[in-house]
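Residue-level listing of the chains:
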Amino acid sequence: MNEFQEGWKPLLAATIGTMCGLFTITNYTQGFFVGPVISEFGWTPGQFFLSYTILMCAGLITAPIVGSLTQKYPLRTLGLVGLIGHALGYVVISLNPNSLLIWYASWALVAVVAAGSLPIIWTTVINGWFVKNRGKAIGITMAGTGLGAFLMPPVVEYFISNYGWRSAYRFIGMGPLFLAAPIVWFWFREKVQSAKHANTDNVPSGDSIKLSDDELSDGAGQREISDHTWGMTREQAMKSSKFWILGAVLFLTAFVIVGLLSNFERIVGAKQVDRETIASVAALIGISVVVGRLLVGALVDRFWAPAVAATFFVFPIIAIILLLSAPFTAVTGVMIAILIGLAAGAELDLLAYLTSKYFGPKHYAKVFGAIFAFFTVGAGLAPPVFGEFAVLMGGYQTALILGCFAFAISIGLFLALGQYPKEAMQEIDR
């Protein structure tokens, strides 16, 4: 049976889970909260964005832990717990009584209770259902972030303008939960299960077995076990130079892209552009993220993924040059949105795909959790560093120029990853 015919339900559930999870909601909305929150509380942008740093840098701890938990608990359970924690966490944030300490503690709480809604969970299921079309499937799953990026900015701006930032935080917490939870409950199913969940002692080499519903105490549906699955353990991966190259490139690209996205309202606002126009441009970035995810997913199934990555990260360099040198018009706004969105769309797709390709699917969740930590630290440091650097330098120009150099280094690092392991090449031929 065609992989998409067989796996479309878990693929759709994974996409919705990604759209409604911690990473998407936080990344594409915080720039609209900074003004109203600091106006009410008298904080600086750096103080506001330090909460985001706390949230993302906590990924150093939570991402590897979540990766390890996938060996003990059903992915559906972890995903649902993460979505519920995400919703409750944002409600807690909305109740802040003008205390920086409580503000930071609330975001640290979100990092822990919402960790199950990170892409680690949603993409792990995809590796079980898709082999030949894995790039496309990961692209579709991660397109959920683009859908969120398209839908959330105008909605958040509407809630802030009409009901205040506290109501907006409650909405982006509870709204996604009510959308995603039923779909994840009914359709988010694992296919590949490690051998510890079944007795495979008498299974001939090369064969696979099916577990009956009675054998699945976690209710995750029927899953297939095969001894064809290959992959490095987390410890083996961390001894590989490719692990650290991939970690470095993800840190750099996450730092610059998230710095751009989180400060986008202030960068463009300095050009005397109104907030509604900025929200519209941000929504266009969301559409471009979707296109970028799908396009990258299709391309990496056909071409060497590092070369695809190198190509896509030329786009934000062009966008930064436009931000630095061109007046902000409708045409340049559209071009900037598309170029940034395509690169932002490529990033997490490539993280998931390259992890699977270079280190294998067998221990994917644990290895992905370790590499995702690089991404979360880069993304966490970016907003306050960009914001404070702009204050020190009297604008964002220097930060944007340095961002261009960071992307150039990243392109070289992608190309330094080298050829895929032979097991990855053989996997497609099976």
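These figures come from a predicted structure and were not determined experimentally. Within every chain, residues take consecutive numbers counted from 1 along the sequence as written. At least 70 in pLDDT is required for a residue's local features to be given in this predicted model, at least 80 for side-chain atom pairs to be given and counted, and no such filter applies to totals for whole chains, interfaces and linings, which use all residues. Computation of side-chain values: all heavy atoms of the structure, hydrogens and water removed.

J.: Let's hear about the packing of aromatic side chains: which residues, and what values?
T.: The geometry of an aromatic ring pair is captured by the separation of the ring centres together with the interplanar angle, meaning the angle of the planes. For this analysis, a ring pair means two rings from Phe, Tyr or Trp (six-membered ring only for Trp) whose centres lie within 6.5 Å, classed as stacked if their planes differ by under 30 degrees, edge-to-face if by over 60, and tilted for the remaining angles. Applying the stated criterion to the full structure yields 33 aromatic pairs. Taking 5.6 Å as the distance between ring centres and 40° as the angle between the ring planes, the aromatic pair formed by Phe 48 and Trp 103 counts as tilted. Of this pair, Phe 48 sits in helix 4 (residues 45-57) while Trp 103 sits in helix 7 (residues 100-113), and the two are 55 residues apart along the sequence. Overall, the relative accessible area of 1% leaves Phe 48 in the buried class. In this text, helices come from DSSP runs of H or I with a minimum length of four residues, and strands from runs of E with a minimum of two, each type numbered from the N-terminal end. Type-normalised accessible area, obtained with a 1.4 Å probe on protein chains alone, sets the label of each residue: buried when under 20%, exposed when over 50%, and partly exposed for intermediate values.

J.: Describe in detail the packing of helix 16 (residues 315-325) against helix 19 (residues 397-415), supporting the description with residues and values.
T.: Contact geometry for helix 16 and helix 19: axes closest at 9 Å, N-to-C directions at 165°. Considering the angle they form, helix 16 stands roughly antiparallel to helix 19. Relative to helix 19, the crossing made by helix 16 is left-handed. For the pair formed by helix 16 and helix 19, the contact residues are Pro 316, Ile 317, Ile 320, Leu 323 and Leu 324 on the first element and Gln 397, Leu 400, Ile 401, Gly 403, Cys 404, Phe 407, Ala 408 and Ile 411 on the second. Looking at the contact of helix 16 with helix 19, its residues break down into eleven nonpolar, two polar and no charged. Between N-to-C directions, angles cover 0 to 180 degrees, with each direction set by a line fitted to C-alpha atoms, over the stretch in contact for helices. By definition in this entry, angles of less than 35 degrees are roughly parallel, angles greater than 145 are roughly antiparallel, angles of 65 to 115 are roughly perpendicular, and the rest are oblique. Here is the rule for handedness: rotate from the far helix to the near one, and if that takes an anticlockwise turn smaller than a right angle the crossing is left-handed, while a clockwise turn gives right-handed. Every residue pair with non-hydrogen atoms within 4.5 Å of one another is taken to be in contact. Put simply, Ala, Val, Leu, Ile, Met, Phe, Trp, Tyr, Cys and Pro go in the nonpolar bin, Asp, Glu, Lys and Arg in the charged bin, and everything else, Gly too, in the polar bin.

J.: Describe the side chain of Ser 356, with residues and values.
T.: Here Ser 356 shows up in helix 17 (residues 330-359). A 3.5 Å cut-off defines polar contacts: any pair of N or O atoms within that distance qualifies, except that in protein one atom must be a possible hydrogen donor and the other a possible acceptor, and neighbouring residues in sequence count only when both atoms are side-chain atoms. Within the structure, Ser 356 has its side chain in polar contact with the side chain of Arg 134 (distance 2.8 Å). For Ser 356, the contacting residues outside a window of four places in its chain are Asn 127, Arg 134, Trp 230, Pro 361 and Tyr 364.

J.: I'd love a proper account of helix 5 (residues 59-69), names of residues and values included.
T.: Here helix 5 has its buried residues at Gly 59, Thr 62, Ala 63, Pro 64, Val 66 and Gly 67. Buried-residue contacts for helix 5 involve helix 4, helix 7, helix 8 (119-129), helix 11 (234-238) and helix 18 (364-393).

J.: I'd love a proper account of the pattern of salt bridges, names of residues and values included.
T.: Whenever a carboxyl oxygen of Asp or Glu lies within 4 Å of a side-chain nitrogen of Lys or Arg, that contact is scored as a salt bridge. Scanning all chains against the criterion turns up three salt bridges. Between Glu 40 and Arg 166 there is a salt bridge; the shortest N-O distance is 3.1 Å. Of the two residues, Glu 40 sits in helix 3 (residues 30-41) while Arg 166 sits in helix 10 (residues 165-187), which places them 126 residues apart along the sequence. Of the residues examined, Glu 40 reaches a relative accessible area of 43% and is grouped as partly exposed. Judged by its relative accessible area of 23%, Arg 166 is partly exposed.

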